[in-house]
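Chain residues, written in single-letter form:
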Amino acid sequence: MDNDVAAQSGASAVLGRATACAHANIALIKYWGKADEALVVPTTASLSLTLDGLSTQTTVEFLGDGDAARAESDSVSLLGDDETPAESAADERTGRGGKADPTARFDLAAPDGSVGDPTADSNTIPDTLTIDGVLQHGTALARVSRFLDLIRERAGISAPARVASRNTVPFGAGLASSASAFAALAAAGSCAAGLDLSGRELSRLARRGSGSACRSIYGGLVKWNAGHDDATSYAQPVECPMDLAIIVILISAKEKPMSSREAMRLTMRTSPLYPAWVRSSADDMTRALAAVAASDLDALGEVVEANALGMHASMMAARPAVIYWLPQTVTALSAVRDLRRHGYGAWSTMDAGANVKVLTAAADAERVASELRDRLPGQTIEVHHIGSGVRVVE
């Protein structure tokens, strides 16, 4: 993990404790669909902007025998709703949301990213998790525990973990809660286990928890190379001469009615528009990177808005249709278009949810936000500037 993360991770003992902070990212060229569900390898490359103000701080402590005996079992809550297979895979094997088989753990150093026998018995390491000060319970234990198994396998330990997380990102609302959550978990967990991972290795690790989390390892503009296996699917920073900002129009902070994971599966399986969106997305990435290199915000905004609308069109063409939009969503999208007609540099983008994000220049962000508040009375509208990459804070 580059510089600040790497420098501190080597100092941690194998049975240790670490706290890391990561920020959410908003995709400008979207990730929607996986070529390999087990390894979370996407069908397309994606481009994102890591933002300030939307963060997760997570502490991971690997417990010795005495502390482990006092740890409460089966205490966990979802860190996010992104499309990792971890919670469903182990649930299907155990029938009770138990932990994944310790032999079915991915070795980050393995070139093929293989996993073990999915029919094996579950293990019983009593990991625990609190979210925003509340001890959580639920069948999603497998998601967090199996992710920690990736770290335990590489570090050569079997200690249970106590995980505590605090968030400023609404859960499951299409604001990348799982991106910041699993990026922070990857950094804190690997550091607590005494691992010294490069940025690329940490990105690959975070990807196994939540695809978009691999991009939150880095600050600013980030490209996720789709790749074709574990070793080739990772994020990397992209130099950006423009100072960009994202305005979030919070239509709804409620958990969305269908998870990204299920919506992706349904779109890929049933939408006649999905293959066309995948093909066009490759061209969109080329155009977006060219616009960034040329400092052409108009060209970047145009392709960003088109890519997001194309993704939602493919979702709406699924059978049954996946429609996250609310009436306020349409109103917000119309308001952004109206701003452009009046000379403002503002372009919309959306992830899986009802909320609308607006790409603009950082210097214009407050003025654009003010105009949006005039056009969308009663809506919560916040400006987010470029955020930093994941960092270990203690």
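You'll find the structure just up there.
What you see is a predicted model; the values in this text were computed from it and never measured.

### Let's talk about the overall build of the chain
So, step 1. In terms of helices and strands, the chain carries 11 helices and 14 strands.
So, step 2. Looking at the chain residue by residue over its 394 residues, the buried ones come to 58%.
So, step 3. By sequence separation, contacts in the chain at least 24 residues apart represent 79% of the contacts at least 6 residues apart.
So, step 4. Accessible surface, the chain as shown: approximately 14,500 Å² in total, 50% of it carbon and sulfur.

### Brief notes about unusual backbone geometry
So, step 1. Cis peptide bonds are those with omega within 30 degrees of zero, and the linkage from R319 to P320 qualifies with 5 degrees.
So, step 2. Tracing the chain through its elements places P320 in the loop between α9 (297-316) and α10 (327-341).

### Structural notes on the pattern of salt bridges
Oppositely charged side chains may form a pair once their charged atoms are brought near each other.
So, step 1. Applying the stated criterion across every chain yields a total of 20 salt bridges.
So, step 2. D351 is the salt-bridge partner of K30, the closest N and O atoms lying 2.7 Å from each other. One end of the pair, K30, is in the loop between β1 (17-29) and β2 (34-36); the other, D351, is in the loop between β11 (347-349) and β12 (356-361), and 321 residues separate them in sequence. An identical accessibility class is assigned to K30 and D351; each is buried.

### Focus on the packing of aromatic side chains
So, step 1. Taken as a whole and judged by the stated rule, the model has three aromatic pairs.
So, step 2. Between Y31 and W224, the aromatic rings sit 4.7 Å apart at their centres with planes inclined by 70 degrees, giving edge-to-face as the arrangement. One end of the pair, Y31, is in the loop between β1 and β2; the other, W224, is in strand β8 (residues 221-225), with 193 residues separating them in the sequence. Per residue, the accessibility class of Y31 equals that of W224, and both read buried.
So, step 3. Across the ring face of Y234, the terminal group of R200 is positioned such that the distance to the ring centre comes to 3.9 Å.
So, step 4. Taking the ring centre of Y324 as reference, the NZ or CZ of K256 above it sits at 5.8 Å.

### Thoughts on the environment of Y234
So, step 1. Looking at where Y234 falls in the secondary structure, it is placed in strand β9 (residues 234-237).
So, step 2. Accessibility expressed as a relative area gives 14% for Y234, which makes it buried.
So, step 3. Taking the C-alpha atoms as reference points, Y234 and K223, separated by 11 residues in sequence, lie 8.4 Å from one another.
So, step 4. Contact partners of Y234, with chain neighbours within four places excluded, come to R200, S203, R204, K223, W224 and N225.
So, step 5. Here R200 takes part through its side chain, which lies 3.2 Å from a polar atom of the side chain of Y234.

### A few points about the environment of G156
So, step 1. Here G156 shows up in the loop between α4 (141-155) and β7 (161-167).
So, step 2. Since its relative accessible area comes to 66%, G156 is described here as exposed.

### Notes on the pairing of strand β10 (residues 244-250)
So, step 1. Within β10, six of the seven residues are buried, which leaves the element mostly enclosed by the surrounding structure.
So, step 2. Examined bridge by bridge, β10 and β12 share six bridges and lie antiparallel to one another. Across the sheet, residue I247 finds its bridge partner in β12, namely V358.
So, step 3. Here six bridges tie β10 to strand β13 (residues 380-385), and the two strands are oriented antiparallel to one another. Along β13, the bridge assignment pairs I246 with H384.

Quick notes on the rules
- Each chain has its residues counted from 1, running along the sequence as written.
- A pLDDT threshold of at least 70 governs which residues receive local features in this predicted model, and a stricter bar of 80 or more applies before side-chain atom pairs are shown or counted, although totals over entire chains, interfaces and linings include all residues.
- Calculation of side-chain values draws on the structure's entire complement of heavy atoms; hydrogens and water are dropped beforehand.
- By the criteria applied, helices consist of DSSP H or I runs no shorter than four residues and strands consist of E runs no shorter than two, each listed in order from the N terminus.
- Per-residue accessibility, obtained with a 1.4 Å probe over protein chains only, is compared with the maximum for each type, and a residue is labelled buried under 20%, exposed over 50%, and partly exposed between these values.
- Whether two residues touch is decided by their heavy atoms; if any such pair falls within 4.5 Å, the residues are in contact.
- Method for areas: the Shrake-Rupley scheme with a 1.4 Å probe, in which residue coverage is limited to the protein chains shown.
- We define a salt bridge as a side-chain nitrogen of Lys or Arg found within 4 Å of a carboxyl oxygen belonging to Asp or Glu.
- Classification of ring pairs rests on two measures: the distance between centres of Phe, Tyr or Trp rings, Trp counted by its six-membered ring, which must be within 6.5 Å, and the angle between planes, read as stacked under 30 degrees, edge-to-face over 60 and tilted in between.
- Comment: the charge-over-ring label is applied if NZ (Lys) or CZ (Arg) is within 6 Å of the ring centre and within 35 degrees of the ring normal.
- Pairs of N or O atoms are called polar contacts if they sit within 3.5 Å, as long as, within protein, a hydrogen donor faces a hydrogen acceptor (for residues adjacent in sequence, only side-chain-to-side-chain pairs).
- Each pair of strands is called paired provided DSSP finds at least two bridges between the two strands.

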